[in-house]
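Commentary on secondary and tertiary structure
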Amino acid sequence: ALAAALCKKLGIAQPPVCTKDVAGVDGAKDVVLAWERFQTDDPNIKLRIEAVKDKHVVLLLNMDDMSSFFEQMALVLYLQRFTVPLPDAEAAARKWKPDAHGQPPRAEVCSVASLSVIIPWNRFCQMERTCRWTRKALPLNVSDTAAATSAPPSPEKATTVTVKKWTNADPNGEFTDVPTLDSFAQMISFEPAEGSTVPRYLLFIDIHEYETVGKSLYSSGQWANREAEYDFTKGRGTYFESAFRTFLSSNWKRDRDLALEFVVFPDFGAHRRFFAMVHEALSLSRSNVLWIEKKRVGEEVMQQQSLNYLDESNERHELAPDAIPDGSRVLIADDFTNSGSTLFGAASIVHNHVASGRKVSVSAFVTHLVAKYDRKTTRTFVRKLHDKGSVLDHFYCSESIPLVVGWVEEEEAEVLAEMRAEAKRGEGEATGDSATEPSSRITVISLAPLLSEWVELTREQRKQGPAESKPKLAEVTTTKPKLSIVCAPGMDSVAESLCEELNKPASNSLNATVAPVEWEHFLSKDPNIKVPFDMIRDKHVVLLLNMDTMEGGGDRAGFFDQMALLLYLQRFLVPVADAEAAARKWKPNDDGEPVKADVCAVKSLTVLVPWFRFSQMDRACRLEWDSSRENKDGTLGGWTYGRAHGSFVDVPTLHSCVSMLSASTKTALTQDGTKHDVPKHIVFVDVSEHVPLERALSATGSWQNAKRVY
């Protein structure tokens, strides 16, 4: 829906068409991109050749579900360089396999003319910094009976058990977490294994902290965006745009008395990011642009009950009680919300500043409604918004997370239907005027106007030619060689056996050890990886990957999780032990200065891939939809490889995965433009087609494996 709206704004006649299911007699008639899967759940993507070849392509990515992360990354790489077999009846007859002499079908190398990648929601935006962590043993008194039955503890039989809990309040914590925002910035910057000259542009919408990811993207040297200092008034930077600016200018009308207009932010960070924008767009007095202080009590973050503002001298003041006049309109705004509790809390604080008898309207806006990616959380939010006496009158958000927005619309439709049914029952029991028709309290704002403006901007940048080349990157070396083995979940026994083998006298007793990486996940299933940094810093590291699953969660490490660690090992920050920094949870200080940290790396990296699940997707084939084909279930229509002039080509995910593994070794960059020159080797075990895999690996120039004939 967003793509269709964007096409309309840009005046593009050809509508965007992509689908998961291609079936029936009409089949692929109007399909450009078919997102399909094999029975193994691995991606089987088909792309209409002429729809993208030599075209300026805008690619809208969707990060509301990590299960499709790999295929979206594969498509980003593929559009920059793809091979199309030349029409050949003999090759089509053998399903585009190599001939009897091992020669592959002749093919031309193609690409898009330019690629503009739009990421409306970056789900890793909160994981922008590295903290030190440790596990503290906490005593807990329980009875033997209670421990077994969850019954109340008995004082006579009370015992003490130890519970270990993660804390980042210890300045000497021995673990660091993997900042996956930086990992993603490097992954999206990957280029095809063989390289590409396609101009690429990238856009994020309202990410939490833009500075860290901006430095990583710039250092990659892969993006053609014109460098620009972040403009707080326009909400625009090199790779960033703010939907809040569009909302203020288009959806939040300025046709009222300015003394009755207020904007409130749930914390000072949001006030810092958006104050200039609000001041410019709405012309409000400084005392009408407010924020709420947060206070940490133990592990909990509490909202203070005051509303604060800055005067012309940037001095902080508290808004007087009952200072919000009768008839005022208040907007609570933030970039995203996980559950809505902060918004409802802020609305309650606003109402506490309204004198009895006065009426005010309180609305909320967020660009991204996350709702923990959970249907139950979404339902709770919608029903709380429609409760009688709700402190919020209306809620606005964009469609940046379509999964959650879809739930919101369904849940509100259900609530409104219940309210209509209840009103109808009330009419039957009472006389007089009929009940008021219940109205929607949720408005979804389209991002299309903002995105079309940005696409037009990239058009102008292409006319101006490529941006200046990025600075040459310095090399950093490390010392103290020792060997550690790091493994993905499921490879523990393999790692232990390998460690035992490497420590035998016959192996020169390499003093190998297994580093206990903690593969955890947040409730959203996003990775929360903690690494014992002293066991990998300046060590020779063997990394055992596990490709039996692509999506992380629970005790599984998905493809993104493992790629993030692969990047992290080549360059990571270890905060310097600092009690003050630990007390503020390793956040920047009041002057915005980040915590001091050492830039570290492994000594060398050997990647072991026992099972390579994409080894059979090694070649591109021409395909066509055959509407006359009869299927076993009696239906008609199916894909065929037997057409020499097939108008589709499938994405060879073997090359995509090799590009990702190899590109990660090229883009492990520090935020100040420093690159770690870590020697890297890679080993695959019994792949079905070793020739295309070896060719792809050799083309990257990323691996130091000695050249050998198979």
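Bear in mind the structure is a predicted one, so any value in this text is a computation, not a measurement.

What counts, and where the lines are drawn
Residues numbered from 1 in each chain as written. Predicted model: local features only at pLDDT ≥ 70, side-chain atom pairs only at ≥ 80, totals over all residues. Heavy atoms only, no water. Helix = DSSP H or I, 4+ residues; strand = E, 2+ residues; numbered from the N terminus. Contact = heavy atoms within 4.5 Å. Areas by Shrake-Rupley, 256 points an atom, 1.4 Å probe, with all protein chains shown as cover. Pairing = 2+ DSSP bridges. Axes fitted to C-alpha atoms, helices over the stretch in contact; angles between N-to-C directions. Core = buried A, V, L, I, M, F, W, Y, C linked by side-chain atoms within 4.5 Å. Buried < 20%, exposed > 50% of the residue type's maximum accessible area, 1.4 Å probe, protein only. Salt bridge = Lys/Arg side-chain N within 4 Å of Asp/Glu carboxyl O. Phe/Tyr/Trp six-rings, centres within 6.5 Å; stacked < 30°, edge-to-face > 60°. Lys NZ or Arg CZ within 6 Å of the ring centre and 35° of its normal. pLDDT = per-residue confidence, 0-100. Polar contact = N/O pair within 3.5 Å; in protein donor to acceptor, adjacent residues only side chain to side chain. Parallel < 35°, antiparallel > 145°, perpendicular 65-115°, else oblique. Left-handed = near helix turned anticlockwise from the far one by under 90°. Nonpolar A, V, L, I, M, F, W, Y, C, P; charged D, E, K, R; others polar. Right-handed = clockwise from strand over helix to strand, strands pointing away. Arc of directions from axis to C-beta.

Right, let's get into the overall build of the protein chain. When its secondary structure is counted, the protein chain shows 18 helices and 36 strands. Restricting to contacts in the protein chain with at least 6 residues of sequence separation, those with at least 24 account for 75%. Of the roughly 33,900 Å² of accessible surface on the protein chain, 49% is carried by carbon and sulfur atoms.

With that settled, consider the sheet that holds strand β36 (residues 680-684). The 5 strands lie next to each other as β25-β24-β28-β31-β36, forming an open sheet whose pairing is parallel. The open sheet terminates on both sides in strands that have one partner only, identified here as β25 (513-514) and β36. In terms of strand pairing, strand β31 (residues 604-609) meets β36 through 5 bridges, oriented parallel. Counted as the bridge partner of L608 is V683 from β36. Against the sheet, helix α14 (residues 492-502) makes contact with β24 (483-487), β25, β28 (540-544) and β31, and its axis sits at roughly 165° relative to β24, the strand it touches most.

For the rest of this paragraph, the subject is the nonpolar core. Grouped together as the largest cluster of nonpolar side chains are 136 residues, with contacts concentrated most on I188, I332, F395, I536 and F612. Ranked by size, the runner-up nonpolar core spans 22 residues in total, among them V263, W291, F365 and I445.

This structure, assessed with the given rule, holds 34 salt bridges. Where E437 meets R420, a salt bridge forms, and the shortest distance between an N and an O atom there is 2.6 Å. With E437 in the loop between α12 (402-429) and β22 (442-445) and R420 in helix α12, this residue pair connects regions lying 17 residues apart in the sequence. By relative accessible area, E437 is classed as exposed at 51%. In this structure, E520 and K530 form a salt bridge, with 3.7 Å as the shortest nitrogen-oxygen distance. In this pair, E520 is assigned in strand β26 (residues 518-521) and K530 in strand β27 (residues 527-532), connecting sequence segments 10 residues apart. Using a relative accessible area of 1% as the deciding quantity, one classes K530 as buried. When salt bridges with common partners are traced through the structure, they connect R135, E518, E520 and K530 into a single cluster.

Considering all chains together, one arrives at 33 aromatic pairs under this definition. Ring geometry for W252 and Y396: centres 6.2 Å apart, planes at 90°, overall edge-to-face. Of this pair, W252 sits in the loop between α8 (243-250) and β13 (261-265) while Y396 sits in strand β21 (residues 394-398); the two residues are 144 residues apart in sequence, bridging distant segments of the chain. Of the two residues, W252 and Y396, both sit in the buried class. One aromatic cluster is present, formed by F69, F124, F184, F204, Y210, Y230, F232, Y239, F240 and F560 through successive ring pairs. The positively charged end of K530 is found above the aromatic ring belonging to W133, 4.6 Å away from the centroid. The side chain of K530 reaches across the aromatic face of W166, ending 5.0 Å from its centre.

Counting buried positions over the 5 residues of strand β33 (residues 636-640) gives 4, a clear majority of the element. Summarising the sheet, strand β32 (residues 622-630) and β33 pair through 4 bridges and their orientation is antiparallel. Bridged to D626 within β33 is G638. Connecting β32 to the next strand, β33, in antiparallel fashion are 5 residues, including G634 with a positive phi near 90°.

Take the confidence of the model for the protein chain next. Taken residue by residue, the protein chain gives an average pLDDT of 85. The fraction at 70 or more is 88%. Counted against residues more than four places away or in other chains, residues 469-481, with its pLDDT under 50, gives 28 contacts. Note on residues 666-671: pLDDT under 50 across the span, and 32 contacts to partners over four residues away in sequence or across chains.

Note on placement: S220 falls in helix α7 (residues 210-220). For S220, the side chain forms a polar contact with the main-chain oxygen of L217, separated by 2.7 Å.

With that out of the way, let us pick up the packing of α8 against helix α9 (residues 268-282). Look at α8 against α9: their axes get within 10 Å of each other, and the N-to-C directions meet at 20°. One way to sum up the angle between α8 and α9 is to call them roughly parallel. In this structure, α8 meets α9 at a crossing whose hand is right-handed. Counting all contacts with α8, which are made through F244, R245 and L248, the residues of α9 involved are F274, M277, V278, A281 and L282. Of the residues in the contact of α8 with α9, the class split is 7 nonpolar, no polar and 1 charged.

Moving on to the sheet that holds strand β12 (residues 240-241). Overall, parallel pairing links the 4 strands, which are arranged β4-β7-β11-β12 in an open sheet. Either end of the sheet is taken by a strand with one partner, and the two such strands are β4 (56-60) and β12. Direction of pairing for β4 relative to strand β7 (residues 114-119): parallel, over a ladder of 5 bridges. By the bridge assignment, V57 is partnered in β7 with L115.

This next bit is on unusual backbone geometry. Although it is not a glycine, D54 adopts a positive phi angle of roughly 60°. Structurally, D54 is set in the loop between α2 (49-52) and β4. Its identity is not glycine, yet S283 carries a phi of approximately 55°, on the positive side. Taking relative accessible area as the criterion, S283 reaches 42% and is therefore assigned partly exposed.

This part takes up the pairing of β13. One face of the sheet, then the other: side chains in a regular strand alternate in exactly this way. A large share of β13 lies buried, amounting to 5 of its 5 residues. For β13 and strand β19 (residues 329-337), the ladder comprises 4 bridges, and the chain directions are parallel. Counterpart to E261 in the pairing with β19 is R329. Sheet topology places β13 next to strand β14 (residues 289-291); 3 bridges connect them, and they run parallel. Paired with F265 across the bridge in β14 is W291. Assessed by its sense of winding, the connection that carries the chain from β13 through α9 to β14 is right-handed.

To continue, consider helix α18 (residues 690-700). Among all positions in α18, only P692, L693, A696, L697 and T700 are buried. The buried residues of α18 occupy one face: seen down the axis, they fall within an arc of 130°. Following α18 by one or two positions, G701 adopts a phi angle in the positive range, close to 70°.

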